[in-house]
Amino acid sequence: MFVLSANVIEKIINLIDGVENERELLIRLAVAAGLIAAVAVFRNKIASAFAALISKFFSKSSEKVRRSVKESLSRPLAFFAVILSLYAASEILAPTGQVRGWFLTLLKIGFIVFAGWFGINFINSDYSVADNSSSKSKKTAVKFMSNILKALIAIIAALMVLEQFGISATKIFAALGIGGVAVAFACKDTVENLLSGFIIIFDKPFEVDDCIEVDGVTGTVEDITIRTTRLRCLDGSEAVYPNTAMANAKITNWTRINKRLFNETLWINYCHTQQEIESFCQGLRQVISGFDSVLQDDVRINFTDYGTHALEISMYFYVSTVKYPEYLELKSKINCAVKNFADSCGIKLAFTSNTVYFGDELKISK
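These figures come from a predicted structure and were not determined experimentally.

Draft legend 1. How the structure looks around the pattern of salt bridges. Following the criterion strictly, the structure yields nine salt bridges and no others. Asp-210 is paired through a salt bridge with Arg-256; the nearest N and O atoms lie 3.8 Å apart. Taken together, the residues span a long stretch of sequence, with Asp-210 in the loop between α8 (188-203) and β1 (211-214) and Arg-256 in the loop between β5 (251-253) and β6 (260-268) at a distance of 46 residues. Across the pair Lys-331 and Glu-264 runs a salt bridge whose closest N-O atoms are separated by 3.0 Å. Remark: Glu-264 occurs in strand β6 and Lys-331 occurs in helix α11 (residues 324-345); sequence separation between them is 67 residues. One continuous salt-bridge network, built from bridges that share partners, spans Glu-222, Arg-230, Arg-232 and Glu-238.

This is the structure:
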């Protein structure tokens, strides 16, 4: 039991209406502290139970919706359970008087934070109206609008919390009006990025999940937020660009190609005859045409140049495989088939080399 000085106890009794003596105050304090401690220890279990109960109201919805509601509610409910226990403790300790007013304000603020937290969590959950659609345009638009909605929820919640402290939204907007010019300059970049985000959404140079290249960086578009566009690069890192930069940049969208160019050069030794070269090119054309992914209308296998160390055979054709990992796998198979065919024909592939000739005498003319 806590030992309180007479002055402290007297001040607390004066703040609390209906408490007449020290014994009654200590009993109320003990009960209130026990309630707060119990809720603090079991808050997660309490929150999970209530979240499961609330999710049952969505029984007619899909399992994904119910799971999203439950997961979105768990942490905010655990937070609100603690706030509610503080208010309940205040009702036990001081059902009337100034202290009750303080805790009532705390309860209102806690509920506002709980509601905003739940709303943002639900928007961030794996439930989306675009999940059941294969349209990437719809998915991109939903992601962008959800980011705007989260920002609005945060702003509204902040304004409602300020209201509890006597700071009305009217006063805030009036203050913004006084410093409107300064605010306009401060928000200039944010507004430009927001407008650029809308341009990207409606013009659709790229969408979420597209593989694009910008400023020499290649990656998959993960998100388009109010201010930025986020790419997941091939090495796993994240690249973040302002929307204004993306709206004005030169972008290559690799996802929208309908075919990929295969353009490689083989080097073979100079020892091979004309007949061997022509036979090799003709046979190589048949080998490459045997792949289902190779577009048959434009397969070019030609002896194109005399290189410094070898004869150059150009392989130029298109494949219908556009996804980069699958293209790399196909390219590996084609290269192996070319190597096996060259070995079966007795064609010797060349490599970079230098030949040095030594003369018996070195004459220098002046």
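Draft legend 2. Spatial organisation of the packing of aromatic side chains. Going through the model one piece at a time under the given rule, you end up with eleven aromatic pairs. Note on Phe-303 and Tyr-306: the rings are 5.3 Å apart at their centroids and 80 degrees apart in plane angle, and the pair reads as edge-to-face. Residue Phe-303 is classed as partly exposed on the basis of its relative accessible area of 32%. By relative accessible area, Tyr-306 is classed as exposed at 57%. Aromatic ring contacts, followed pair by pair, group Phe-80, Phe-111 and Phe-114 into a single cluster. Here the guanidinium or amino end of Arg-260 rests over the ring plane of Tyr-327, the centre of that ring lying 5.3 Å away. Positioned above the aromatic ring of Phe-262 is the side chain of Lys-331, whose terminal nitrogen or guanidinium carbon lies 6.0 Å from the ring centre.

Draft legend 3. Seen up close, the pairing of strand β2 (residues 217-224). Of the pairings in the sheet, the one linking β1 to β2 comprises four bridges and is antiparallel in character. Of the residues in β2, the one forming a bridge with Ile-212 is Gly-219. As defined by bridge partners, β2 adjoins strand β3 (residues 228-233) across five bridges and the pair is classed as antiparallel. Directly across from Val-221, in β3, lies its bridge partner Leu-231. Counting the residues that bridge the hairpin from β2 to β3 gives three residues.

Draft legend 4. Molecular detail of the environment of Phe-42. Tracing the backbone shows Phe-42 in helix α2 (residues 22-55). Here Phe-42 falls in the partly exposed class, since its relative accessible area comes to 45%. Residues Phe-42 and Val-82, spaced 40 residues apart in sequence, show a C-alpha to C-alpha distance of 9.8 Å.

Draft legend 5. Quick peek at α8. The end-to-end C-alpha distance of α8, which contains 16 residues, comes to 22 Å, matching closely the 22 Å that a straight helix rising 1.5 Å per residue would cover. Taken together, the buried positions of α8 are Asn-193, Ser-196, Gly-197, Ile-200 and Ile-201. Angular distribution of buried residues about the axis of α8 spans 140 degrees; they occupy a single face of the element. Structural note: α8 exposes Leu-195, Phe-202 and Asp-203 on the side pointing more than 90 degrees away from its buried face. Just beyond α8, the residue with positive phi is Lys-204, at close to 60 degrees.

Draft legend 6. Region of interest: a nonpolar patch on the surface. On the surface, a nonpolar cluster with roughly 660 Å² of combined accessible area is contributed by Val-41, Phe-42, Ile-46, Phe-50, Leu-53 and Phe-57. For Leu-53, the position within the fold is in helix α2.

Draft legend 7. Quick look at the nonpolar core. Grouped together as the largest cluster of nonpolar side chains are 24 residues, with contacts concentrated most on Leu-284, Ile-288, Val-294, Ile-301, Met-315, Phe-317 and Ile-334. In terms of residues, this core owes the most to one element, α11, which gives six residues. Apart from residues lying up to four places away in sequence, Leu-284 is in contact with Leu-266, Ile-301, Met-315, Val-338 and Phe-341. Formed by 15 residues, the second largest nonpolar core is a distinct cluster that contains Ile-148, Phe-206, Ile-226 and Tyr-241.

Draft legend 8. Seen up close, the pairing of β3. Alignment of β3 against strand β4 (residues 238-242), held across five bridges, turns out to be antiparallel. Bridged to Leu-231 within β4 is Ala-239. Counted along the chain from β3 to the antiparallel partner β4, the turn is four residues long, and its residue Gly-236 has a positive phi close to 95 degrees.

Draft legend 9. Fine view of the sheet that holds β4. If you walk across this open sheet you meet the five strands as β4-β3-β2-β1-β5, and the pairing is antiparallel. Since the sheet does not close on itself, it has two edges, and those belong to β4 and β5, each with one partner. Put simply, the sheet's adjacent strands are angled 40 degrees from each other on average, direction ignored.

Each value, and the rule that gives it
- Residues numbered from 1 in each chain as written.
- Predicted model: local features only at pLDDT ≥ 70, side-chain atom pairs only at ≥ 80, totals over all residues.
- Heavy atoms only, no water.
- Salt bridge = Lys/Arg side-chain N within 4 Å of Asp/Glu carboxyl O.
- Helix = DSSP H or I, 4+ residues; strand = E, 2+ residues; numbered from the N terminus.
- Phe/Tyr/Trp six-rings, centres within 6.5 Å; stacked < 30°, edge-to-face > 60°.
- Buried < 20%, exposed > 50% of the residue type's maximum accessible area, 1.4 Å probe, protein only.
- Lys NZ or Arg CZ within 6 Å of the ring centre and 35° of its normal.
- Pairing = 2+ DSSP bridges.
- Expected span 1.5 Å × (residues − 1).
- Arc of directions from axis to C-beta.
- Patch = residues over 30% accessible without salt bridge, like charges linked within 9 Å, V, L, I, M, F, W, Y side chains within 5 Å.
- Areas by Shrake-Rupley, 256 points an atom, 1.4 Å probe, with all protein chains shown as cover.
- Core = buried A, V, L, I, M, F, W, Y, C linked by side-chain atoms within 4.5 Å.
- Contact = heavy atoms within 4.5 Å.
- Axes fitted to C-alpha atoms, helices over the stretch in contact; angles between N-to-C directions.

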